[in-house]
Amino acid sequence: MGLALRLVAQRLALGLLLLFAVSVLIFAGTQLLPGDVAQSILGQSATPEALANLRRDMGLNEPAVSRYFAWLGGALTGDLGTALTSGADISSAIGSRLGNTFFLAAVAAVIAIPLAILLGLLAVRYRERWPDKLISAVTLASISLPEFFIGYLLILIFAVNLGWFPSVATVYDGMSFGDRLMAVLLPALTLTMVVLAHMMRMTRAAILNVMQSAYIETAELKGLSAFQVIARHAFPNAIAPIVNVVMLNLAYLVVGVVVVEVVFVYPGMGQYLVDHVSKRDVPVVQACGLIFAAVYIGLNMVADIVSILANPRLRHPK
């Protein structure tokens, strides 16, 4: 396990270093935005004295390096600052919205991951036959359409024409689990359609790669059925690349929800970010960007660690 533990430690260190680099880019990018933040808050009729006072209160007169480390230190202690437009604490505002985003991503993942693996197994079982071609055609069509188009199409069919689900995904505190699940089902289906094709095709490719091995031929010679060979022998040995693609798509489900949340007016992190980008609320944009980056990098690290630990040649190098 010595080599595997060393590789895991390296992945963790690289992940933290990458997160630090991303935080620098987020802060620098928001500082390089054109225009004056104080002017956009107070409006064109603001006096020079009012602008100078607001810049001093916001710390804009301090050097950029000092402001960055003050912001980073606050973020590490859970203090993400105060929203410029409302004066609300960003950490408190993000808390509930981040929970909503995680709930939406979890519902989409519960639907998408088992379905993608099942479709991948079926595509391998009926390789080059009509089920395989049909699954590939449908998944490719879904990944070719933009998220907002899929979302509006689902709203038209299931909310407007059939009336099965609400067109606006409204959730609030105290809502029952069943009502919350019903409210997020359409945006969850939209996210499922987006990530399903990638996971299915990677599952199919990973299993087909393993199917060329000698032990698969041995299992077939033992008289096992094609599905038993795939499920018992091919799938377990293809789990590492499948876990990688699942984790990458989980990261997308959390980070890539911005468009879907805006389409369904869902009170999550994406909607919160878009609302404050339009208001030029820099602290909120920085906080949301840092959280999205941390989630994405964290899930990628988990995928790398699982791949390392799932490789017997790294666990037992001798």
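1. A closer look at the side chain of Arg180
Tracing the chain through its elements places Arg180 in helix H8 (residues 177–210). Apart from the residues lying within four places of it in its own chain, the contact partners of Arg180 are Asn100, Phe103, Val171, Tyr172 and Met175.

2. Topic: the packing of helix H5 (residues 90–125) against helix H14 (residues 282–309)
Their axes nearest at 12 Å, the elements H5 and H14 cross at an angle of 40 degrees. In this view, H5 runs oblique relative to H14, as classed from their interaxial angle. Viewed along their axes, H5 and H14 form a crossing whose handedness is right-handed. Across the interface between the two elements, Ile90, Ile94, Leu98 and Phe102 from H5 touch Pro283, Val284, Ala287, Cys288, Ile291 and Val295 from H14. A class-by-class count of the residues in the contact of H5 with H14 yields 10 nonpolar, no polar and no charged.

3. As for the nonpolar core
Grouped burial of nonpolar side chains is what soluble globular proteins tend to show. In terms of nonpolar packing, the biggest core is built from 68 residues, with Ile90 and Ile94 touching the most fellow members. Broken down by element, the residue count for this core peaks at 15 residues, all from H5. The contacts of Ile94, once residues within four sequence positions are left out, are Leu80, Met269, Tyr272, Ala287, Cys288 and Ile291.

4. What to know about the confidence of the model for the chain
Regions with low pLDDT carry predicted coordinates that are not meant to be interpreted in detail. In this model, the chain carries an average pLDDT of 76, and 81% of its residues clear a pLDDT of 70 or more. When mean pLDDT is compared element by element in the chain, helix H7 (residues 147–161) scores highest at 83, while helix H15 (residues 312–315) scores lowest at 59.

5. Brief notes about H7
Given 3.6 residues to a turn, an α-helix orients residues that are three or four positions apart in the same direction. With 15 residues, H7 should cover 21 Å at 1.5 Å per step; its first-to-last C-alpha distance of 20 Å lies within 8% of that length. Where H7 bends most, the angle comes to about 30 degrees, and this point is Ile155. Listing the buried residues of H7 in full gives Glu147, Ile150, Gly151, Leu154, Ile155 and Ala159.

6. Focus: a nonpolar patch on the surface
A cluster of nonpolar side chains, contributed by Leu145, Phe148, Phe149, Tyr152, Leu153, Leu156, Ile157, Val160, Leu162, Trp164 and Val259, occupies part of the molecular surface with about 1000 Å² of accessible area. Per element, the largest residue contribution to the nonpolar patch is seven residues, and it comes from H7. With respect to the helices, strands and loops of the structure, Ile157 is situated in helix H7.

7. A closer look at H5
Over its 36 residues, H5 extends 50 Å from the first C-alpha to the last, a length consistent with the 52 Å expected when each residue adds 1.5 Å. The sharpest bend along H5 measures roughly 25 degrees and falls at Ala109.

What counts, and where the lines are drawn
Residues numbered from 1 in each chain as written. Predicted model: local features only at pLDDT ≥ 70, side-chain atom pairs only at ≥ 80, totals over all residues. Heavy atoms only, no water. Helix = DSSP H or I, 4+ residues; strand = E, 2+ residues; numbered from the N terminus. Contact = heavy atoms within 4.5 Å. Axes fitted to C-alpha atoms, helices over the stretch in contact; angles between N-to-C directions. Parallel < 35°, antiparallel > 145°, perpendicular 65-115°, else oblique. Left-handed = near helix turned anticlockwise from the far one by under 90°. Nonpolar A, V, L, I, M, F, W, Y, C, P; charged D, E, K, R; others polar. Core = buried A, V, L, I, M, F, W, Y, C linked by side-chain atoms within 4.5 Å. Buried < 20%, exposed > 50% of the residue type's maximum accessible area, 1.4 Å probe, protein only. pLDDT = per-residue confidence, 0-100. Expected span 1.5 Å × (residues − 1). Bend = angle between axes of the 7 residues up to and from the residue. Patch = residues over 30% accessible without salt bridge, like charges linked within 9 Å, V, L, I, M, F, W, Y side chains within 5 Å. Areas by Shrake-Rupley, 256 points an atom, 1.4 Å probe, with all protein chains shown as cover. Salt bridge = Lys/Arg side-chain N within 4 Å of Asp/Glu carboxyl O.

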